[in-house]
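Listed below, chain by chain, are the residues.
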Amino acid sequence: MAKPLVIVESPTKARTIAGFLGRSSDLDVTVMSSVGHVRDLPNKREQLPDDKRETHARLLGVNPDDHFDTVYVVPQNKKKVITELKRALKDADEVYLATDEDREGEAIAWHLLELLQPKVPVKRMVFHEITPAAIQAAIDEPRDLDLKLVEAQEGRRVLDRLVGYEVSPVLWRKIGRGAPSAGRVQSVAVRLVVDRERARMAFRSGSWFDIEGTFAAAANVESNGFGATLTQLDGRRVAVGGDFDAATGNLKEGIDVVRLDEAGATALTARLREVAYRVQSIEAKPFNRRPAAPFTTSSFQQEAVRKLGFPASKAMAVAQRLYERGYITYMRTDSTNLSEQAITAARRAVQERYGDDYLPKEPRTYRNKVKNAQEAHEAIRPAGERIRMPDEVAGELDTDERRVYDLIWVRTVACQMLDARGRTTTLLMGATSTAGEQATFRATGTTWDFLGFRRAYIEGLDEDTSTSGDEKEATLPSVTEGDAITCRDLQPAGHATRPPARFTDASLVKELEERGIGRPSTYASVIQTILDRGYVWRRGQALIPKWTAFAVINLLEQHFGHLVDYNFTASMEEALDVIARGEGEAEKWLHSFYFGNGQAGLRELVEDDHLASIDPRAVSTVPIGDDDGVPVIVRVGRYGPYVQRGDDDAGETAGLPDEVAPDELTIEQALHLIAKKAEGPRTIGDDPETAKPIFVLNGPYGPYVQLGEQEEGSRKKPPRASLFASMDPETLTLDDALKLLTLPRVVGTDGEEREIVASPGRFGPYLKRADGETRSLTAEDQLLTVTMAEAEALFAQPKLRGRRAQKPPLAELGPSPDNGANVVVREGRFGAYVTDGTTNATVPRSTDPTTLSLEDAVILLRARAELAGDTPRATKKTAAKKTTAKKASKAAGKKSGSGIEKTVKKVVKKKAAAKKKPAAKKT
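Residues numbered from 1 in each chain as written. Predicted model: local features only at pLDDT ≥ 70, side-chain atom pairs only at ≥ 80, totals over all residues. Heavy atoms only, no water.

Turning our attention to the overall build of the protein chain. Each helix and strand in the protein chain was counted, giving 29 helices and 31 strands. For the protein chain, the proportion of its 923 residues judged to be buried stands at 47%. In the protein chain, once contacts between residues fewer than 6 apart in sequence are set aside, the share between residues at least 24 apart is 68%. Counting only carbon and sulfur atoms, one obtains 48% of the accessible surface of the protein chain, whose full area is about 46,700 Å². (Helix = DSSP H or I, 4+ residues; strand = E, 2+ residues; numbered from the N terminus. Buried < 20%, exposed > 50% of the residue type's maximum accessible area, 1.4 Å probe, protein only. Contact = heavy atoms within 4.5 Å. Areas by Shrake-Rupley, 256 points an atom, 1.4 Å probe, with all protein chains shown as cover.)

Within the open sheet, the 4 strands sit side by side as 16-17-18-19. Their pairing is antiparallel. The sheet is open, and its two borders are formed by strand 16 (621–627) and strand 19 (652–655), each paired with just one other strand. The mean angle between the axes of side-by-side strands here comes to 25°, regardless of whether they run parallel or antiparallel. Relative to strand 18 (residues 640–645), strand 17 (residues 630–637) runs antiparallel, the two being bridged by 6 bridges. In the sheet register, V634 faces strand 18, and the bridge partner there is V643. Taken strand by strand, helix 16 (residues 547–559) contacts strand 16, strand 17 and strand 18, and its axis lies near 110° from that of strand 16. (Pairing = 2+ DSSP bridges. Axes fitted to C-alpha atoms, helices over the stretch in contact; angles between N-to-C directions.)

This structure, assessed with the given rule, holds 52 salt bridges. The salt bridge partner of R143 is E106, with a shortest N-O separation of 2.9 Å. Taken together, the residues span a long stretch of sequence, with R143 in the loop between helix 5 (132–140) and helix 6 (147–174) and E106 in helix 4 (residues 103–116) at a distance of 37 residues. By relative accessible area, which is 26% here, R143 ends up partly exposed. We classify E106 as buried; its relative accessible area is 0%. In this structure, R184 engages D160 in a salt bridge whose closest nitrogen and oxygen atoms are separated by 2.8 Å. With a gap of 24 residues between them, R184 in the loop between helix 6 and helix 7 (186–202) and D160 in helix 6 connect regions that are remote in the sequence. Judged by its relative accessible area of 8%, R184 falls in the buried class. Classification of D160 by relative accessible area gives partly exposed; the value is 21%. What you see here is one network of salt bridges that share partners, running through D750, E752, R754, R769 and D771. (Salt bridge = Lys/Arg side-chain N within 4 Å of Asp/Glu carboxyl O.)

Interhelical geometry of helix 9 (residues 297–308) versus helix 10 (residues 312–324) gives an angle of 115° and a closest axis separation of 9 Å. Taken together, the axes of helix 9 and helix 10 lie roughly perpendicular to each other. Where helix 9 crosses over helix 10, the handedness of that crossing is right-handed. Here helix 9 contributes T297, F300, Q301, A304 and V305 to the contact with helix 10, which in turn contributes A312, A315, M316 and A319. Class assignment of the residues belonging to the contact of helix 9 with helix 10 gives a composition of 7 nonpolar, 2 polar and no charged. (Parallel < 35°, antiparallel > 145°, perpendicular 65-115°, else oblique. Left-handed = near helix turned anticlockwise from the far one by under 90°. Nonpolar A, V, L, I, M, F, W, Y, C, P; charged D, E, K, R; others polar.)

Following this line, the structure appears as structure tokens:
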């Protein structure tokens with residue numbers, strides 16, 4: 001029987017929707033996934049059709065001379081997906097294209113339509129949450145494909161190809177392969193980070209002193225007291241940080257303030273310590289604080305960075321999983337609006353959790369204030385007509401998912417709560433010093449009369465955003481003007497102005513959004529891209545540009561200024577919005593950008609005549625200062641950045657360590673590096689076996705030791721080894737150097753005669769076995785100390801993905817009755833799982849992994865092994881335990897609500913279905 005075919009872009013979403021339709025819909029449908037994009041511009045010349053290679057090869061799929069004609073290809077890994085979709089289409093009576101409701105989702109739907117060419121009716125099915133009601137409504141109210149959205153998305157894709165493929169080769173030619181690529185939003189994001197570092201490099205700190213004291217009301221000297229700061233002296237204001245010029249570190253011109261130094265503040269403190277203090281004035285002002293709006297993509301990323309410590313990319317990945325499984329609404333949105341259903345659900349949650357005292361009489365509504373905001377979707381919120389409490393879903397989610405869901409839940413609920421109310425009190429106290437000076441001290445405090453939404457949620461702040469005075473909770477005494485105040489302590493306090501804080505993921509996302517650059521849904525991938533391509537590196541949460549980034553931005557600013565101009569880049573987003581609304585055409589917009597419209601277009605800027613004016617040395621040079629009139633610069637060279645005294649070829653040079661941030665490189669440090677290089681490498685002794693000297697050197701990747709000198713005329717490098725992060729090149733001993741030169745170290749041979757080697761690697765220390773298997777070590781010192789027993793224990797554990805360190809198990813259940821191996825419960829990338837070192841089995845989300853028994857775990861492992869066609873066999877030692885294990889397993893399988901029985905039944909069903917499926921015909 002023919003039935004509808006629903007196509008989504010995610011396998012997880014397909015499973016979720018199929019489950020909903022199976023339970024709540026009368027439709028018998030097939031739900032399949034395209035697994036993301038199914039077509040894209042080619043990335044290799046060989047992928048182009050023969051008749052397009054001459055016209056479309058230069059920009060790989062785009063021909064600007066033929067109205068920006070594009071060639072799309074199906075990647076090799078998607079051909080099987082397309083084949084399966086076409087096979088399913090033969091049995092379909094209609095097709096629902098159910099990709100995400102944004103430009104990218106619309107484009108995926110269009111590509112599917114172009115590839116599949118269905119002969120049955122096609123409907124566009126859109127929804128912003130994956131719940132039974134939302135999916136049923138989307139089926140009942142389909143729409144047509146929005147070709148203007150597709151045009152805007154494809155115009156953006158072509159624009160990105162033009163920028164990337166025209167400008168990136170310029171960077172390679174003029175700067176070197178250390179400059180990987182250029183990008184429309186990527187390059188602007190790099191410029192923001194570089195500009196912030198330039199400001200830090202140009203910053204000069206200003207210092208000043210004031211006096212801080214602890215006071216108490218004379219009528220209540222036993223109280224805890226309160227703090228106050230000197231703010232005026234003889235009627236003149238005492239200097240504060242905002243009075244200093246960031247470029248000079250001196251007071252700004254025209255400012256009449258008192259600037260105390262340490263000696264003056266200390267002397268004044270002594271003159272004020274034993275004098276009488278009285279209240280000059282006291283003022284209390286009430287205030288209201290409104291809750292923050294529900295999450296948009298941008299504000300969600302910022303809060304996930306601040307409160308959860310997640311990079312923006314991880315926050316979006318976790319939110320994607322929650323959306324696809326039906327826990328939250330669509331997480332790519334610029335809107336702060338909530339539907340009536342969502343507002344009703346949030347208000348009900350306020351009543352249930354906090355009571356009617358925290359619920360406003362009327363629902364709250366929010367409007368966007370961000371440039372280029374799109375209102376296509378709701379704000380991010382928990383999905384459904386009823387917002388489920390975090391503890392209701394905790395057992396179904398992994399740790400990261402629980403934290404993200406909880407963050408979205410409290411933000412959504414708090415936005416429908418009453419304002420917080422409080423009072424800010426300002427107390428001024430006066431005293432006359434023993435020298436007759438009139439001093440005024442100021443104390444401020446905040447008291448909250450009603451917490452309101454703060455009972456649930458307080459919005460985070462970036463590191464460079466100081467908390468306003470009325471947010472600092474402090475209680476001042478009940479006093480009136482003229483009352484005596486007792487001074488308990490008085491101390492001079494030194495201060496210094498600080499440079500602007502470096503960007504974090506959160507503050508960079510905020511900056512991009514406020515400037516209208518790019519789309520919030522792409523910010524996480526943009527930040528990850530500039531990290532992956534080596535323009536930026538992290539120190540904690542701070543984003544620090546590399547010297548290569550300075551060279552790239554120098555070149556772009558001087559010769560492709562509009563590409564990194566903040567306003568121009570924002571205007572591109574506005575143009576895309578115009579196209580999406582049907583008020584403009586992508587081809588005309590691309591033509592103006594590429595061929596020019598009253599000013600030079602990109603095509604003219606990448607021609608040889610213009611490129612000849614670019615001086616590679618000039619754009620790769622960053623001035624640091626001067627030494628006795630001789631310039632000291634950093635230059636980005638073929639083999640990395642280096643510092644140079646003098647700007648000609650005869651200048652003295654030295655390589656720069658990677659860990660030195662640009663704003664931390666001083667003239668003194670630069671000259672020290674040059675002097676050390678001039679001294680030559682330090683010899684710490686001779687190798688006892690070869691009698692060759694061992695040198696300590698510093699390279700572009702940090703300090704290292706070298707055995708012997710480079711032989712003249714030979715390309716073979718002497719043995720070398722990098723120092724561990726814990727080692728200091730100045731104090732390194734000969735014994736330590738000899739140990740380092742033994743790396744990679746053969747640890748031993750296992751029972752199957754496979755050699756295991758401990759080796760340093762790009763992503764940290766690791767073990768490698770002769771069969772190619774690897775395991776990460778947790779510390780560099782283990783390279784020299786790890787034993788065969790420890791190595792074999794690591795290889796017995798499942799291999800972890802990426803750079804994650806091995807976490808301790810959630811539970812150790814004991815030896816398996818099947819093979820005697822120890823069974824443990826671990827937290828994995830996709831949730832909790834049980835393992836015996838050979839087989840891994842997922843713990844059902846309805847089951848608390850910490851309460852899992854050995855019997856339950858064995859059932860799961862057997863089911864997983866059976867599904868893989870590898871049923872574990874009992875050894876001689878465990879054969880006698882089979883009967884007991886079977887009884888225990890049977891009892892465990894009957895546990896109600898455990899999820900174990902359901903898992904086993906699923907395995908049986910899958911096996912039965914596989915047996916009934918006819919074999920594929922041979923062709």
